[in-house]
Amino acid sequence: MAGAVEAKLAELGLTLPDVLPPLASYQPAVRSGVYVYTSGQLPMVDGKLAVTGKVGAEVTADEAKELAKTCALNALAAVKSVAGDLDRIARVVKVVGFVASASDFTGQPGVVNGASELLGAVLGDKGVHARSAVGVAVLPLDAPVEVEVQVELVDA
């Protein structure tokens, strides 16, 4: 039975995806005490990237913002894989977004807003977090965006 967080996802027309196997030697998420740290999540849908390239060149900022939303959804799936239930999230502590950027692109914060806004829509006040939005030269598989999330769980 889905909890309140997954019900909110459904209300928003979103479905929690399956966690994809890692691309290298790491785990999608690990728990340490009351914290869950996700690995960087790419905007994978059904096991593949729908879009590749640099934001500000092959990918528009608006497209990248939507991709960041997908990354956040994948991060929630990774959190659930180790926490068991998304209703155990006490709060999102930190979000780090990486944006593969054309050399003159400076809109990284707007792109990463896609992830932040999704977390806020799904988790309300528990989704408010600290954040970094970083422009990089290239990301794995030529992904335009990558997002990692740290959450605190209610102790149970």
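Quick look at the structure, then. Here the structure is a predicted model, which is why all the values come from computation and not from measurement.

Reading guide: rules and limits
- Residues numbered from 1 in each chain as written.
- Predicted model: local features only at pLDDT ≥ 70, side-chain atom pairs only at ≥ 80, totals over all residues.
- Heavy atoms only, no water.
- Pairing = 2+ DSSP bridges.
- Helix = DSSP H or I, 4+ residues; strand = E, 2+ residues; numbered from the N terminus.
- Right-handed = clockwise from strand over helix to strand, strands pointing away.
- Salt bridge = Lys/Arg side-chain N within 4 Å of Asp/Glu carboxyl O.
- Buried < 20%, exposed > 50% of the residue type's maximum accessible area, 1.4 Å probe, protein only.

1. As for the pairing of strand β6 (residues 130-136)
Link 1 in the chain: Note that strand β5 (residues 89-100) and β6 share seven bridges and pair parallel. Opposite Ala 100, over in β6, you have Val 136 as the bridge partner.
Link 2 in the chain: The parallel pair β5 and β6, bridged by helix α3 (residues 108-123), forms a crossover whose chirality is right-handed.

2. A few points about the pattern of salt bridges
Link 1 in the chain: If you walk through the whole model with that rule in mind, you get five salt bridges.
Link 2 in the chain: One salt bridge in this structure joins Lys 69 and Glu 66, with 3.9 Å as the shortest N-O distance. On the criterion of helical spacing, the pair formed by Lys 69 and Glu 66 is a turn pair, its members being three residues apart in helix α2 (residues 61-83).

3. Re the pairing of strand β2 (residues 35-38)
Link 1 in the chain: Across the two faces of β2 the burial differs, with Val 36 and Thr 38 buried and Tyr 35 and Tyr 37 not buried at all.
Link 2 in the chain: Judged from the four bridges that link them, strand β1 (residues 29-32) and β2 form a sheet pairing that is antiparallel. By the bridge assignment for β2, Arg 31 is matched with Val 36.
Link 3 in the chain: The hairpin turn running from β1 into β2, its antiparallel successor, is two residues long, and Gly 33 in that turn takes a positive phi close to 60°.

4. Things to note about unusual backbone geometry
Link 1 in the chain: With phi around 55°, Asp 46 is a residue other than glycine that occupies positive phi space.
Link 2 in the chain: Its location among the elements puts Asp 46 in the loop between β3 (44-45) and β4 (48-49).
Link 3 in the chain: Taking the relative accessible area as the measure of exposure, Asp 46 reaches 77% and is therefore exposed.
Link 4 in the chain: Of note, Leu 141 is a non-glycine position whose phi angle comes to about 60°, a positive value.
Link 5 in the chain: Assignment of secondary structure puts Leu 141 in the loop between β6 and β7 (145-153).
Link 6 in the chain: According to the relative accessible area criterion, Leu 141 is partly exposed, its value standing at 48%.

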